[in-house]
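Fold and contact review
Residue strings, one per chain:
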2 protein chains.
Amino acid sequence: MRAPGNLDGLFRPRGCAILGASTDPNKAGHQIVRNMKTAGYPGELYLVNPRGGHIDGTEMHRSLADIEGNVEMVVWAVPAPFTASAVADLQQRQRRHGDVRIVVTVAAGFAETGAEEGRRWQDLLVSTCKQLGIRVLGPNCVGVIDTGSGVDTTFIMGTDLQPGGISFVSQSGAVGAWLVESWAARPYSVGFNKFVSVGNMADVSLVEILDYLREDESTRVVGMYMEGYEQGREMARALDELSRVKPVVVLKVGESEHGARAARSHTGSMAGADRVYDGVFRQVGVRRARTVDELSATLLAFDQLPAPRGRNLFVLTQAGGPGIYSTDILAGDGEVEFARVSADTRAALRDVLPPFASVCKPEGHADMTAAASAVQHGRALETVLSDDGGDAALLLTVPVLFVPAEAIAEEIISAHHRLQASGIDKPFVPVLLSGDVVEHGRAALAGAGIMAPGRPEDAAKALGHVIAYHSRRRGDARE
Amino acid sequence: MRAPGNLDGLFRPRGCAILGASTDPNKAGHQIVRNMKTAGYPGELYLVNPRGGHIDGTEMHRSLADIEGNVEMVVWAVPAPFTASAVADLQQRQRRHGDVRIVVTVAAGFAETGAEEGRRWQDLLVSTCKQLGIRVLGPNCVGVIDTGSGVDTTFIMGTDLQPGGISFVSQSGAVGAWLVESWAARPYSVGFNKFVSVGNMADVSLVEILDYLREDESTRVVGMYMEGYEQGREMARALDELSRVKPVVVLKVGESEHGARAARSHTGSMAGADRVYDGVFRQVGVRRARTVDELSATLLAFDQLPAPRGRNLFVLTQAGGPGIYSTDILAGDGEVEFARVSADTRAALRDVLPPFASVCKPEGHADMTAAASAVQHGRALETVLSDDGGDAALLLTVPVLFVPAEAIAEEIISAHHRLQASGIDKPFVPVLLSGDVVEHGRAALAGAGIMAPGRPEDAAKALGHVIAYHSRRRGDARE
């Protein structure tokens, strides 16, 4: 395996200076200060602006070189036309203190513009940093978030993230912001570990971040948004090594010819290569998500659900239509087998469920009917997961008046505890449909650490990915 | 065309009796009373329960036959085992008053159970009604909603719907409830016209509702959820005639073999027929949605957007990634052409947009870049829709700190008004991404009557359906 580069300066900097800190609340150089504070950065935070001034009582330094304390990270929010003078300041700091390890260049206006001067500014910054032994993230990126070390160099609004096992690397700052904002949104905020936006990749690359995340113990699952990558072989190597250690879920765009042309003018990635990428993903066991919601649900599922021991999934539904809808999705993807449970389990299900429930018609499917009580939801879930033929379950319900969502959530939580007490730890995903009337139920499940997505398709896709990934790791014959 | 049956008793009953009205707030027979009141039913509402009692001060009648006033609709919330005595009461009423035109049977426990006695109760109810000249909706349905006439016989919670042009007929009560609850959820509640759940279709059928909605002037677009229908020829005829008059969007499940088997045990629909249905949909111009969110967004788009004059769509994006993501979806579906705008329009776009914007690389695509101001969003939208080569537009933006969602929404609304003032009325859909930070902007757009879905894929799919439907109606060569 490729040893990861030392990116501790990026994720755990001892001292951070924000170059281009701004007193104007509408400027990135202001929001970054706020985000670092909200993230609870425990190190020394220095604000730098040649014009001086202060933010929330903190006096600004007029140069990097002036700062007495340790500065391992410089967040570069300097407008591109001022690159030369800021680079001179950085040189002086490094001569005097020699402590800067990374420059996180959130400023834009560099090579991505296609203009000659942008290219020149980028070259000046990157070549100087190289001489000084400093790594560069970006330019034209939104930076880095690490909930573990309290770092947030982005100027994304509303990034007060819960800690968790999901790390994400993005070739697009906007897609990164879209995801981070969705994941931070209450009440279903997603536990999050690290986020890196790579921007122009003038130095630190997608692959280097993937290698780092492979060895990062607190990262349990890795997500990536990509448009294209020049060193295809290196990417395949990194994905292969990463995917052997932890699950990787990729959203790759530019699948269509027209989309690929748009991608080429965005990040310069090669057109027509989508099939090649898709082949690599399959070969190395990377899971490819097709929508942002599928990506989010799948990352969450990998982070929260136990590994299934087989491919056999049981669909328990209180409502015929949503059950068939979800079964179509699961069957279409072909990642799961529909569970064949024992005769005893069938009898137990018939016993547990309302008289007119439809049990195992077809296999791995039970329509509990709208007559199912909250208790019957919990008992049925317990029954199918207690069967050796049931490796995972999807539970769908459209709570009716006489069986409120909160009551169903409570019984699902109890069933979960009973299963755990019996030493049974299998993945299941409940979906409560829909609208405002199920919000309290979903929140109760989320509070108990049970993911409860709002859309059956996201639950079905996520379970399919989790089942397929672990099946491959076990080396099941059909892979 | 087939003349529609007279279903005025279903949608505009003069007098409504709720048989099985209940004092227990957890019973359907209680919630129905609430829903009729919330819907603002303007006629006389009679509550009937053999045991008497009262609900919110309204005295219950002990029988239908007792009621002095006019009763055109009976909502049947009587438990199935009490069918015989309730049928006797209905007979007596009809002998005395002869005014009942429809029985909406929300009670379950009939033929759908597969049990002999359920079948018998259903036969008794339906055959008696036939003799008495009374139509039956259901049994085992959730009833009917009509926002125009203030009828809501369902026991779905949270159905306080805004009036609009979308009508929906569902073969599954649960899918109906799922959709209605989603559409009612604030702040993006969807304007709604009629909802009919057909249940067991012992009398009133899916086809009869489709025929009715065809002639119903206040219905501008029809949605349908279906699993299968025995009289395939009749269904094809009804869909064909309906689709010639107004758009129809269908969510049909049971596409996979496993899903089809689940559908067969749910509504008895035939397996393996999905390809046949799909062929019929294509032949008669019915739009098929694959997800519930696609269905919702498409119905809303048909209701709210003007008809495009051609297939040429322009994608305007402030963020590279989301633009490529959406372009892939549009290109994959193949319903739209990417707009080729004139040299003048290109020059105007370059003039309007930030210096490093990427204009028409590829055709019908402009990446405005994150430097685009709110005003630039509005100007660019106006520019592409003012070109004769641009029939429709999709606008994507991930608002950044210095360009808040509210400001973008305001400029989109202004551009909309300027276009209208110039006599240009073309469909466009803005998508503001994402999370809590764009909620005010989305709400402002919704308030101005501009649909602003939360997911780019729903916007892209909806625009594709609208463009394809109107292209077929114009008789474009490629259809």
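Here the structure is a predicted model, which means the values were calculated and not measured.

1. Some details on the overall build of chain A
- A count of helices and strands for chain A gives 16 helices and 20 strands.
- Against the compact-globule benchmark of 23 Å for 479 residues, chain A has a radius of gyration of 25 Å, which places it among compact chains.
- Along the longest, intermediate and shortest principal axes, the C-alpha atoms of chain A span 80 × 50 × 40 Å.
- With 479 residues in all, chain A has 62% of them scored as buried.
- Residue pairs at least 24 apart in sequence account for 77% of intrachain contacts in chain A once pairs closer than 6 positions are excluded.

2. Focus on the interface of chain A and chain B
- Listed by partner, the interface residues are 63 residues for chain A and 62 residues for chain B.
- Where the side of chain A that touches chain B is concerned, the elements lending two or more residues are helix H2 (28–38), helix H5 (173–184), helix H8 (257–267), helix H11 (320–333) and strand S18 (365–367) of chain A.
- Among the elements that take part in the side of chain A that touches chain B, H11(A) stands out by supplying 10 residues, more than any other.
- Classifying every residue of the side of chain A that touches chain B gives 29 nonpolar, 23 polar and 11 charged.

3. So, the relation of the copies chain A and chain B
- When chain A is brought onto chain B, the operation consists of a screw motion whose angular component is 180° and whose axial shift is 0.0 Å, with 0.0 Å RMSD remaining. Such values leave the two copies arranged in the relation of a two-fold axis. For chain A, the residue whose C-alpha comes nearest the rotation axis is A:Asp293, separated from it by 6.0 Å.
- Comparing contact sets, 98% of the residues at the interface of chain A also lie at the interface in chain B, consistent with an isologous, same-surface contact.

4. Some remarks on the sheet that holds strand S9 (residues 151–152) of chain B
Residue and element names in this part refer to chain B.
- Overall, mixed pairing links the seven strands, which are arranged S9-S8-S11-S10-S12-S13-S14 in an open sheet. Only two strands of the sheet have a single neighbouring strand rather than two, namely S9 and strand S14 (287–288).
- Examined bridge by bridge, strand S8 (residues 143–146) and strand S11 (residues 192–197) share four bridges and lie antiparallel to one another. Residue pairing for S11: Val-144 is matched across the bridge by Val-196.
- Running over the sheet, helix H6 (residues 206–215) touches strand S10 (163–170), S11 and strand S12 (221–226) and is turned about 160° from S10.

5. What to know about the sheet that holds strand S7 (residues 135–137) of chain A
All names here are of chain A.
- A sheet is described by the order of its strands in space; here five strands give the open sequence S2-S1-S5-S6-S7, paired in parallel fashion. Strands at the two margins of the open sheet, each flanked by one partner only, are strand S2 (45–48) and S7. Between one strand axis and the next, the sheet turns through 20° on average, direction left out of account.
- Across four bridges, the pairing between strand S5 (residues 73–76) and strand S6 (residues 102–105) is parallel. By the bridge assignment for S6, Met-73 is matched with Ile-102.
- Against the sheet, H2 contacts strand S1 (16–19), S2 and S5, and its axis sits at roughly 160° relative to S1.

6. Quick word on the domain arrangement of chain A
Residue and element names in this part refer to chain A.
- Each assigned domain of chain A is listed with its residue range as follows: domain 1 (8–297) and domain 2 (306–474).
- Relative placement of domain 1 and domain 2: their C-alpha centres are 39 Å apart.
- In terms of residue count, the dominant contributor to the side of domain 1 that touches domain 2 is helix H10 (residues 292–304) (three residues).
- Among the residues making up the side of domain 1 that touches domain 2, the classes are represented as five nonpolar, one polar and three charged.

7. Re unusual backbone geometry
- In this structure, the amide linkage connecting A:Gly138 to the following residue, A:Pro139, adopts the cis form with an omega of -5°.
- Turning to its location among the elements, A:Pro139 is positioned in the loop between S7 and strand S8 (144–146).
- The backbone of A:Asn140 shows a phi angle near 65°, a positive value even though the residue is not glycine.
- Structurally, the position occupied by A:Asn140 is in the loop between S7 and S8.
- Note on A:Asn140: 26 C-beta atoms within 10 Å, which makes it buried.
- A positive phi angle, near 45°, is found at B:Asp56, a position not held by glycine.
- With respect to the helices and strands, B:Asp56 occurs in the loop between strand S3 (54–55) and strand S4 (58–59).
- The exposed category is assigned to B:Asp56, around which 10 C-beta atoms lie within 10 Å.

Reading the values: rules and limits
Residues numbered from 1 in each chain as written. Chains lettered and ligands numbered in written order. Predicted model: local features only at pLDDT ≥ 70, side-chain atom pairs only at ≥ 80, totals over all residues. Helix = DSSP H or I, 4+ residues; strand = E, 2+ residues; numbered from the N terminus. Rg over C-alpha atoms; globule rule 2.2 N^0.38 Å. Buried ≥ 20, exposed ≤ 12 C-beta atoms within 10 Å, placed from the backbone. Contact = placed C-beta atoms within 7 Å. Nonpolar A, V, L, I, M, F, W, Y, C, P; charged D, E, K, R; others polar. Least-squares fit on C-alpha atoms with pLDDT ≥ 70 in both. Pairing = 2+ DSSP bridges. Axes fitted to C-alpha atoms, helices over the stretch in contact; angles between N-to-C directions. Domains from an automatic or database assignment.

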